[in-house]
Amino acid sequence: MRDETASVVIIGAGQAGLSVAYYLQRLGMRAGSDFLVLDRGPGAGGAWQHRWESLRLGSAHKVHDLPGMKTMGISFETADRTRPARDVVAEYYEQYELHQDLRVRRPVQVSAVFDRGADLVVRTDRGDILASAVVNATGTWGAPFVPYYPGVLDFRGKQVHTATYTSAEDFRGQRVLVVGGGTSAIGFLLELEGVAEKTLWATRRPVDFLDHGTLDLEDAVTAVAQQDAAARSGRALPSIVSGTGVPRTRRIAAGIARGVLDARPMFARLESAAVVWPDGAREQVDAVVWATGFRPDVRHLSPLKLHEKEGGIVVATGAAQRDPRIFFAGYGPMASTIGANRSGRIVARQVYAAVGDRPAPVAPAAPPPAPQPARARGSFRPATSEVPIPFKEQQEEPQDGVSILARFFADD
Ligand SMILES: Cc1cc2nc3c(=O)[nH]c(=O)nc-3n(C[C@H](O)[C@H](O)[C@H](O)COP(=O)(O)OP(=O)(O)OC[C@H]3O[C@@H](n4cnc5c(N)ncnc54)[C@H](O)[C@@H]3O)c2cc1C
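Predicted, not measured: the structure shown is a model, and the values here were computed from it. (Residues numbered from 1 in each chain as written. Predicted model: local features only at pLDDT ≥ 70, side-chain atom pairs only at ≥ 80, totals over all residues.)

Peer 1: Report on the packing of helix H1 (residues 15-26) against helix H2 (residues 85-100), specifying residues and quantitative values.
Peer 2: Across the interface, H1 lies against H2 with an axial gap of 11 Å and an inter-helix angle of 20°. Considering the angle they form, H1 stands roughly parallel to H2. Handedness of the crossing formed by H1 with H2: left-handed. Here H1 contributes Leu18, Tyr22 and Gln25 to the contact with H2, which in turn contributes Tyr93, Tyr96, Glu97 and Gln100. When grouped by side-chain class, the residues that make up the contact of H1 with H2 number four nonpolar, two polar and one charged. (Axes fitted to C-alpha atoms, helices over the stretch in contact; angles between N-to-C directions. Helix = DSSP H or I, 4+ residues; strand = E, 2+ residues; numbered from the N terminus. Parallel < 35°, antiparallel > 145°, perpendicular 65-115°, else oblique. Left-handed = near helix turned anticlockwise from the far one by under 90°. Contact = placed C-beta atoms within 7 Å. Nonpolar A, V, L, I, M, F, W, Y, C, P; charged D, E, K, R; others polar.)

Peer 1: An account of the sheet that holds strand E14 (residues 282-284) is requested, with residue identities and associated values reported.
Peer 2: The strand order across the open sheet formed by three strands is E12-E13-E14, and the pairing between neighbours is antiparallel. Edge strands, defined here as strands with exactly one partner in the open sheet, are strand E12 (269-271) and E14. Neighbour-to-neighbour, the strand axes of this sheet turn through a mean angle of 25°, independent of strand direction. Bridge count for E12 against strand E13 (residues 274-276) is three bridges, and the pairing is antiparallel. Bridge assignment links Leu270 to a residue of E13, and that residue is Val275. (Pairing = 2+ DSSP bridges.)

Peer 1: Summarise the site of the ligand; cite the residues concerned and give the values.
Peer 2: In the neighbourhood of the ligand, 36 residues make up the surrounding shell, with Gly12, Gly14, Gly46, Gly139 and Gly330 lying closest. Ranked by residues supplied to the shell around the ligand, first place goes to H1 with three residues. Residues that form the shell around the ligand fall into these classes: 14 nonpolar, 17 polar and five charged. (Near = placed C-beta within 6 Å.)

Peer 1: Lay out helix H3 (residues 183-192) in plain terms, naming residues and giving numbers.
Peer 2: In terms of residue burial, H3 counts as a mostly covered element, since nine of its 10 residues are buried. Looking at H3, one finds that the buried residues are Thr183, Ser184, Ala185, Ile186, Gly187, Phe188, Leu189, Glu191 and Leu192. Packed against the buried residues of H3 are strand E7 (175-179), strand E8 (198-203), strand E10 (246-247), helix H5 (250-258) and strand E15 (287-290). (Buried ≥ 20, exposed ≤ 12 C-beta atoms within 10 Å, placed from the backbone.)

Peer 1: With reference to specific residues and values, describe the environment of Leu200.
Peer 2: Counting through the fold element by element, Leu200 comes out in strand E8. Taking the C-alpha atoms as reference points, Leu200 and Leu177, 23 residues apart in sequence, are found 4.7 Å from one another. In this structure, Leu200 is in contact with Leu177, Val275, Glu283 and Val285, ignoring residues within four places of it in sequence.

Peer 1: Could you give an account of the sheet that holds E15, with specific residues and numbers?
Peer 2: Taken together, five strands build an open sheet; the order of strands is E6-E15-E7-E8-E11 and the sheet is parallel. Two strands lie at the open edges of the sheet, namely strand E6 (158-161) and strand E11 (264-265), each paired on one side alone. The pairing of E7 with E8 spans five bridges and is classified as parallel. Following the sheet pairing, Val176 is matched in E8 by Thr199.

Peer 1: Give a description of the confidence of the model for the chain that names residues and reports values.
Peer 2: Averaged over all residues, the pLDDT of the chain equals 85, while 80% of them reach at least 70. A low-confidence stretch, residues 385-412 stays under pLDDT 50, and its non-local contacts, those more than four residues away or across chains, total 66 contacts. (pLDDT = per-residue confidence, 0-100.)

Peer 1: How would you sum up the pairing of strand E2 (residues 35-38)? Please name residues and give values.
Peer 2: Across the two faces of E2 the burial is the same, with Phe35 and Val37 and Leu36 and Leu38 all buried. In this structure, strand E1 (residues 4-11) lies alongside E2, joined through four bridges in parallel fashion. The residue of E2 that forms the bridge with Ile10 is Val37. Read as a crossover between parallel neighbours, the route from E1 over H1 to E2 is right-handed. (Right-handed = clockwise from strand over helix to strand, strands pointing away.)

Peer 1: A description of the environment of Asp128 should follow, citing residues and the corresponding values.
Peer 2: Mapped onto the secondary structure, Asp128 falls in strand E5 (residues 127-136). Separated by 125 residues in sequence, Asp128 and Asp3 have C-alpha atoms that sit 5.8 Å apart. With residues up to four places along the chain from it excluded, the contact list for Asp128 reads Asp3, Val121, Val122 and Arg123.

Peer 1: Could you give me a rundown of the packing of H1 against helix H6 (residues 337-356), with the residues and numbers involved?
Peer 2: One way to put it is that H1 packs onto H6 with a least axis distance of 7 Å and a crossing angle of 40°. In terms of their interaxial angle, H1 and H6 are classed as oblique. The handedness of the crossing between H1 and H6 is right-handed. Facing H1, whose interface residues are Gln15, Ala16, Ser19, Val20, Tyr22, Tyr23 and Leu24, H6 presents Thr337, Ala340, Asn341, Ser343, Gly344, Arg345, Val347, Ala348, Val351 and Tyr352. Here the residues of the contact of H1 with H6 are counted per class, giving 10 nonpolar, six polar and one charged.

Peer 1: Explain unusual backbone geometry residue by residue, including any values.
Peer 2: Omega for the bond connecting Arg106 with Pro107 falls within 30 degrees of zero, at -10°, which places this linkage in the cis form. Counting through the fold element by element, Pro107 comes out in the loop between H2 and strand E3 (110-116). Unusually for a residue other than glycine, Asp101 sits at a positive phi of about 55°. With respect to the helices and strands, Asp101 occurs in the loop between H2 and E3. One non-glycine residue, Thr317, adopts positive backbone phi at about 50°. By the element assignment, Thr317 lies in the loop between strand E16 (315-316) and strand E17 (319-320). The exposure class of Thr317 is partly exposed, given the 18 C-beta atoms found within 10 Å.

Peer 1: Account for the environment of Phe155, naming residues and giving values.
Peer 2: If you trace the backbone, Phe155 turns up in the loop between E5 and E6. Sequence separation between Phe155 and Glu271 is 116 residues; the distance between their C-alpha atoms is 5.3 Å. Each residue touching Phe155, except ones within four places of it in the same chain, is listed here: Leu270, Ser272 and Val288.

Written as structure tokens, this is what we have:
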């Protein structure tokens with residue numbers, strides 16, 4: 001059987017993957033033939049479909065519309081804030097996919113991407129696809145990060161991460177230690193109040209509560225620049241929160257006043273049923289909630305050896321420096337809904353410049369040749385920093401640095 005072929009395979013149908021697909025289509029590429037969108041999730045909604053029930057749209061941060069959404073007559077700005085965000089976002093994304101005819105294939109799990117000389121082989125649980133370029137838009141939800149602390153393996157109580165947290169009710173009457181200095185941790189502490197017997201909060205560094213209720217753009221720019229520099233130089237990405245601060249919204253200010261949001265420095269160790277603080281004080285703990293963030297979910301790219309020895313992937317002009325056929329959308333500083341929109345637009349242009357007017361790879365009738373070590377690029381043109389591909393912009397996206405504000409809340 002011949003492998004399927006497409007010029008471009010987009011892995012992931014969250015905000016980033018859908019945005020790339022939308023812009024590729026506007027550049028004249030056809031969904032389902034020129035480019036394929038694959039997603040392992042059971043339904044529409046990207047990572048949102050997996051978030052906990054009590055999370056509501058706009059409870060802390062803005063969720064930006066996908067490009068072209070307003071012209072469909074729907075907007076997250078007017079979406080229902082009383083229903084779980086996971087349901088609302090899934091419904092909106094589903095409508096969007098249908099209306100824009102993006103032909104997302106799901107559930108399709110991409111297990112690996114291989115270099116087959118001039119082409120890439122995208123290995124999925126439905127077979128291989130030959131592609132000239134791959135857009136990785138897999139987000140972070142599948143790669144929760146839990147730091148190592150002494151005694152963590154001895155702890156006998158319940159441990160959950162943001163990715164597996166379902167409800168405060170799971171902790172009713174318990175003594176809960178929440179770890180992490182971001183808005184997820186703050187949200188968990190506020191909803192555990194009055195349900196758990198007691199909450200304790202540990203953070204790696206003091207939480208910098210800002211005096212205003214919104215993020216100072218200059219702080220955020222600095223933080224995003226740090227992330228960007230890390231991404232470009234191949235280092236692991238630092239947390240955005242570490243470079244900004246937490247806006248003191250009314251809800252947060254009230255939590256601070258009630259003493260619920262009283263962060264302590266990280267504990268020295270965990271024991272089977274207790275936390276031991278740096279001064280030796282010991283407190284009984286029944287459960288730990290690790291709100292310690294996520295990392296880019298890129299394990300399927302490991303055959304391509306894109307990582308630097310420092311730990312990160314060098315990404316410049318939207319593509320991996322080690323293999324410019326691999327593009328990243330929604331990665332690092334772009335990991336927010338508006339960042340995903342922006343990177344979708346930028347990456348689509350880069351992809352189109354590289355492969356847009358070229359035929360898809362030709363699948364061999366015979367068994368494919370063994371992978372070649374040399375990277376003959378075939379018809380692929382590496383992206384340049386300026387890609388002069390004009391298409392009409394819809395004036396519906398904020399033109400300032402709002403993405404940075406959204407990213408601030410992204411992962412920890
Ligand atoms: C708890 C939390 C709250 C957040 N709240 C906000 C907010 O309010 N506002 C905001 O702007 N941002 C928020 N963010 C940031 C959020 O990550 C982005 O907003 C955005 O939704 C991410 O979109 P994405 O497309 O990059 O990733 P995702 O939504 O994670 O989509 C990635 C898709 O890739 C698929 N996938 C992954 N690996 C594979 C594979 N190997 N094969 C096939 N498919 C695969 C997944 O199934 C998924 O559908 C939040 C993040 C978290 C963790």
